Amino acid sequence: MARFKKNHLQVHLNLNVRGLAPSATLAINEQSNKLIREGKQVFKLGLGQSPFPVPETVVEALRQNAHQKDYLPVKGLPALKEAIAGFNKRTQRIESDPDDILIGPGSKELIFILQLVYYGDIVIPTPSWVSYSPQARIVGRHVNWVPTGAENDYRLSPEKLDLICRTDPERPRVVILNYPSNPTGCTYPIERLKLLAQVARKYNLILISDEIYGMIHHNGQHVSLAHYYPEGTIISSGLSKWCGAGGWRLGTFSFPPNLKWLLNAMAIVASETYTATSAPIQHAAITAFNGNEEINEYLKHSRKVLKGIARYLVKELEGMGVSVPHPQGAFYLFPNFENYREKLKARGIYTSVELSSHLIEETGVAILPGADFGRQPEELTARLAYVDFDGRAALEAAERSNDGKHFDKAMVKENCPRLVEAFDRIGNWLADL
Ligand SMILES: Cc1ncc(COP(=O)(O)O)c(C=O)c1O
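Residues numbered from 1 in each chain as written. Predicted model: local features only at pLDDT ≥ 70, side-chain atom pairs only at ≥ 80, totals over all residues. Heavy atoms only, no water.

Novice: Would you explain helix H6 (residues 158-166) in this entry?
Specialist: Each α-helix winds once per 3.6 residues, and so residues spaced three or four apart point in a common direction. Along H6, the positions that sit buried rather than exposed are Pro158, Leu161, Asp162, Ile164 and Cys165. Buried residues of H6 fall within an arc of 160° about the axis and therefore sit on the same side. Each element contacted by the buried residues of H6 is listed here: strand S3 (121-126), strand S4 (143-147), strand S5 (173-178) and helix H7 (190-202). (Buried < 20%, exposed > 50% of the residue type's maximum accessible area, 1.4 Å probe, protein only. Helix = DSSP H or I, 4+ residues; strand = E, 2+ residues; numbered from the N terminus. Arc of directions from axis to C-beta. Contact = heavy atoms within 4.5 Å.)

Novice: What is the right way to read the side chain of His218 from this model?
Specialist: Its location among the elements puts His218 in the loop between strand S6 (206-210) and strand S7 (233-238). A polar atom in the side chain of His218 sits 2.8 Å from the backbone oxygen of Ala330. The contacts of His218, once residues within four sequence positions are left out, are Arg303, Leu306, Lys307, Ala310, Pro327, Gln328, Gly329, Ala330 and Tyr386. (Polar contact = N/O pair within 3.5 Å; in protein donor to acceptor, adjacent residues only side chain to side chain.)

Novice: Teacher, can you tell me more about the packing of aromatic side chains here?
Specialist: Think of a pair of aromatic rings as described by two things: how far the centres are apart, and how the planes are tilted against each other in angle. Evaluation of the coordinates by the stated rule reveals 13 aromatic pairs. When the centroid spacing of 6.4 Å and the interplanar angle of 35° are considered together, the rings of Tyr118 and Trp261 count as tilted. One end of the pair, Tyr118, is in the loop between helix H4 (107-117) and S3; the other, Trp261, is in helix H8 (residues 260-272), and 143 residues separate them in sequence. Among the residues examined, Tyr118 registers a relative accessible area of 10% and is labelled buried. When the centroid spacing of 5.8 Å and the interplanar angle of 75° are considered together, the rings of Tyr179 and Tyr188 count as edge-to-face. Judged by relative accessible area, which is 9%, Tyr188 ranks as buried. In this structure an aromatic cluster arises from ring pairing among Phe87, Trp242 and Phe289. (Phe/Tyr/Trp six-rings, centres within 6.5 Å; stacked < 30°, edge-to-face > 60°.)

Novice: Please explain the site of the ligand as it appears in this structure.
Specialist: Neighbouring residues of the ligand: 13 residues in total, closest Ser107, Asp210, Tyr213, Ser240 and Arg249. Here an oxygen atom of the ligand and a side-chain polar atom of Ser240 are 2.5 Å apart. Taking Lys241, its side chain carries an N or O atom lying 2.9 Å from an oxygen atom of the ligand. When the free accessible area of the ligand is taken as 400 Å², the share hidden by the protein chains comes to 92%. Considering only residue class, the shell around the ligand consists of four nonpolar, five polar and four charged. (Near = heavy atom within 4 Å. Areas by Shrake-Rupley, 256 points an atom, 1.4 Å probe, with all protein chains shown as cover. Nonpolar A, V, L, I, M, F, W, Y, C, P; charged D, E, K, R; others polar.)

Dropping the structure here:
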């Protein structure tokens, strides 16, 4: 079949996309799956997926709505937008007009479209979630990484943000702030949110407040920056993390009324690309955002499990001489293996990428290198997602234990044996260096 000449198949890629690697998180998952296929045992601490099942009432709502087949309005199902406005009010005491809410197939897609339609720089702290910066690159936006340090649990400082904005005060900028944070699990005290809000107001910044982990603050005490900078904050959220429904693909943006122009521009792009978010999923999401007693219990137990595991694992890491910020939410840890630098060097390991690649090859424990989150290549940080356990069984165990009782060390050992083993393997590996 010599019908096509070879040069018809030449690669002609958009320059913004040329050279982009697949998403770091997906790449580690593929490497893990490859090792599993080779018969090796792999501990998946790479991909940040909720370990918990979707609450049964929400699954039932999806069953009931499987027949929904019509295209829905591009901005989202009106009843769902109302449910989200109610959710914002109930969980954050924030008033939102349903008309200021945009539904999309995942908050990732919404963040991408915002970067596309808004003409300005992207400002993100390092470390930040792996996708903000590649998204900016795809749409040709300039990324300003703002350095942070371990002494401050890697939080964005108002002074550093001011410093960046001062250089060109009129420049349009979007700041993306994620808390509780992927990759650190840390969040922002109210005082810090207020100071960040002052800087945002001074320079008319647009703030995407990525609160996808807000509902799994371990003490249920998440506070939105939108309280302090209501006029410029877009709250980004969705079903993926607190409702265990990442694969359902449903994300939400709650805009302030004066950013309607931005919402409308995003809706135009949405209408020309994905058309509307899946109808059965939107109908089912009404139940999730309206909430009910079962969901309240589910959240209470999810937080208890995550908090107990975090406490156990932080102790383990510190026992190995590895420093780690103490998380307040989500399911991530961001340890620094600096204390092992000399020993690692002797093994030819100089960077976080080398560290995680040796770790998975030699112990089967998959983690993500700090460099994927914007840290300097030679910094020996990594992100560990502590999700490799049976979420359903852990929730049941949390439910069975008396109310006041923590999800303690014994419960972690009993319900999360793979996590315990993964950390034992990390400890042994470090000890043998
Ligand atoms: C910080 C952060 N933001 C946004 C997302 C995207 O979530 P989704 O597109 O599933 O709503 C993720 C998912 O991992 C995340 O960790």
